[in-house]
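Take a look at the letters that make up each chain.
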Amino acid sequence: MPTLTVNGRWVTVDSDATLLDAARAAGVEVPTLCQFDGLEPWGGCRLCVVDMSQANWDDDWFKVVTACNHPVEEGMTVVTDSERIIETRRVVLDLLLARCPNAPLIQKLALEFGIEQTSYTPNPEPDDCILCGLCTRVCDHIGVSAISSINRGWGREIAPPFNEPPPDCIGCLACAEICPTDCIPYETSNAHRKIWGKEFEMLRDPKTGEAVITKEQAQHFAERSGVPMTYFETSDRSKRREMAKTFEKLQVVK
Amino acid sequence: MKMIFKVSVERCIACGKCELACAFAHGSEGRPAKTRINIRRRGPELGTPIVCFQCDDAACVAVCPTEALARNSETGAIEMVRSRCISCRMCVAGCPFGNMLWDETYHCVQKCDLCGGDPRCVPFCPTGAIAWVPVEEAAIPPEPLDRETLVFEGGV
């Protein structure tokens, strides 16, 4: 178990931990946008940059690395609040604010770094998407891969193939739920769901009509996990009622 | 000593104290609708407490795409790791007993986590319908509840 210092505080973490884990273990807050515990780190938003120096390096030699995907090593020194780190994060947020001037999350984070108005030319077509890739990564992780990033540079965006309703999408809403700026629109009710321009029919409880998942979702996860399809067919409320009925027999009233 | 959550359905009088205790123990609102132990009421003083079984081969764990549900080896409870949950609601649909609950307010899944080894509902149960007992005692059949002579402390 490697031991390292974060902002002068000694901390011991698991050998497969990242610098971000170490910082959190030391109680040091590092801002992140594209990091999610259930997914592989990606280093996309560049907000979690920290100064890092290894044990055998010169004392004043530090390298700027992304904390979310940099593995820990014995005797490392990590500094999260040096002048150049704060400046780097400020520039990143300034650029993000130029891209997404209307996203409350970005406005709030930028304000923490003293940016009220971006110093760059604001995006002529304001968009709340920060291209953090959480939506595409979670879609890959689930085993669907219905959406991906298209084009490069200025024109890069997240979209289904050919900008058409994606045939592979199962309508699980994971992309919309995970989005840090809530910029993926969807509609959902007990009967229908619509996301990425694709319409879904919900798997409704035959008695109550309640539904939490789509038919495609049930099929995909039944195949993936080996859980029988019948488990998905009734709502949680109905299942609780059925279970209560099973146990009623035990109740002997005197 | 390994402890287990024991429910004796025949002793439940549907008073709802466990639901209230649970709602207060989890989250600040204390709304009984947000409880993780549910009583199915079917007549005066008759009900069935429904709570997570912490299944060995659990459907919720099998369907979870981000491994957000993991067993706590100390308490034996399957716990939801909030930072890994993507709110896809597959576990809500997959649990064959309906014990995964969706919280619309906080937009996340709720499940019984045995309060980390000290279930808060247990001390509030007036009849011992729910209990936190050593595993060896789990199979002992509960004494039948004499509902005619039921008197509570400081009774009416």
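Residues numbered from 1 in each chain as written. Chains lettered and ligands numbered in written order. Predicted model: local features only at pLDDT ≥ 70, side-chain atom pairs only at ≥ 80, totals over all residues.

**Q** If you had to explain the confidence of the model for chain B to someone new, which residues and values would you point to?
**A** All names here are of chain B. The share of residues in chain B with pLDDT of 70 or more is 96%, and the mean pLDDT across the chain is 86. Mean pLDDT across the secondary structure elements of chain B bottoms out at strand β7 (residues 108–110), with 87, and peaks at helix α2 (residues 59–63), with 93. Among the prediction metrics, the complex's ipTM stands at 0.84, with pTM recorded as 0.84. (pLDDT = per-residue confidence, 0-100. Helix = DSSP H or I, 4+ residues; strand = E, 2+ residues; numbered from the N terminus.)

**Q** Outline the sheet that holds strand β8 (residues 186–188) of chain A, listing residues and values.
**A** Residues and elements named next belong to chain A. Read from one edge to the other, the open sheet built from three strands follows the order β8-β9-β10, with strand pairing classed as antiparallel. At either end of the open sheet lies a strand with only one pairing partner, and these are β8 and β10 (198–201). Along the sheet, successive strands turn relative to each other by an average axial angle of 15 degrees, direction set aside. Relative to β10, strand β9 (residues 192–195) runs antiparallel, the two being bridged by four bridges. Within β10, the residue paired with histidine 192 across the bridge is glutamate 201. (Pairing = 2+ DSSP bridges. Axes fitted to C-alpha atoms, helices over the stretch in contact; angles between N-to-C directions.)

**Q** For the domain arrangement of chain A, give the residues involved together with the corresponding values.
**A** Residue and element names in this part refer to chain A. Split into domains, chain A comes out as domain 1 (3–81) and domain 2 (134–243). Each of domain 1 and domain 2 has a C-alpha centre, and the two are 34 Å apart. Split by residue class, the side of domain 1 that touches domain 2 holds five nonpolar, no polar and no charged. (Domains from an automatic or database assignment. Nonpolar A, V, L, I, M, F, W, Y, C, P; charged D, E, K, R; others polar.)

**Q** Outline the environment of A:Gly133, listing residues and values.
**A** Residues and elements named next belong to chain A. Structurally, glycine 133 can be placed in the loop between α3 (104–112) and α4 (134–142). Accessibility expressed as a C-beta count within 10 Å gives 18 for glycine 133, which makes it partly exposed. When neighbours within four sequence positions are excluded, glycine 133 is seen to be in contact with Cys34, Trp42, Gly44 and Ser149. (Buried ≥ 20, exposed ≤ 12 C-beta atoms within 10 Å, placed from the backbone. Contact = placed C-beta atoms within 7 Å.)

**Q** Which residues make up the environment of A:Asp128, and what values do they have?
**A** Residues and elements named next belong to chain A. Structurally, the position occupied by aspartate 128 is in the loop between α3 and α4. Assessed through the 18 C-beta atoms surrounding it within 10 Å, aspartate 128 is described here as partly exposed. Along the primary structure aspartate 128 and alanine 98 are separated by 30 residues, whereas in three dimensions their C-alpha atoms are 11 Å apart. Among residues more than four places away in sequence, those in contact with aspartate 128 are Cys100, Asn102, Ala103, Thr181 and Cys183.

**Q** Report on the interface of chain B and chain A, specifying residues and quantitative values.
**A** Contact residues are listed per partner, giving 36 residues for chain B and 33 residues for chain A. Of all elements in the fold, only β2 (38–41), β3 (47–50), α2, α3 (90–94) and β6 (101–103) of chain B reach the threshold of two or more residues within the side of chain B that touches chain A. For the side of chain B that touches chain A, the element with the most residues is α3(B), which contributes four residues. Considered class by class, the residues forming the side of chain B that touches chain A number 20 nonpolar, seven polar and nine charged.

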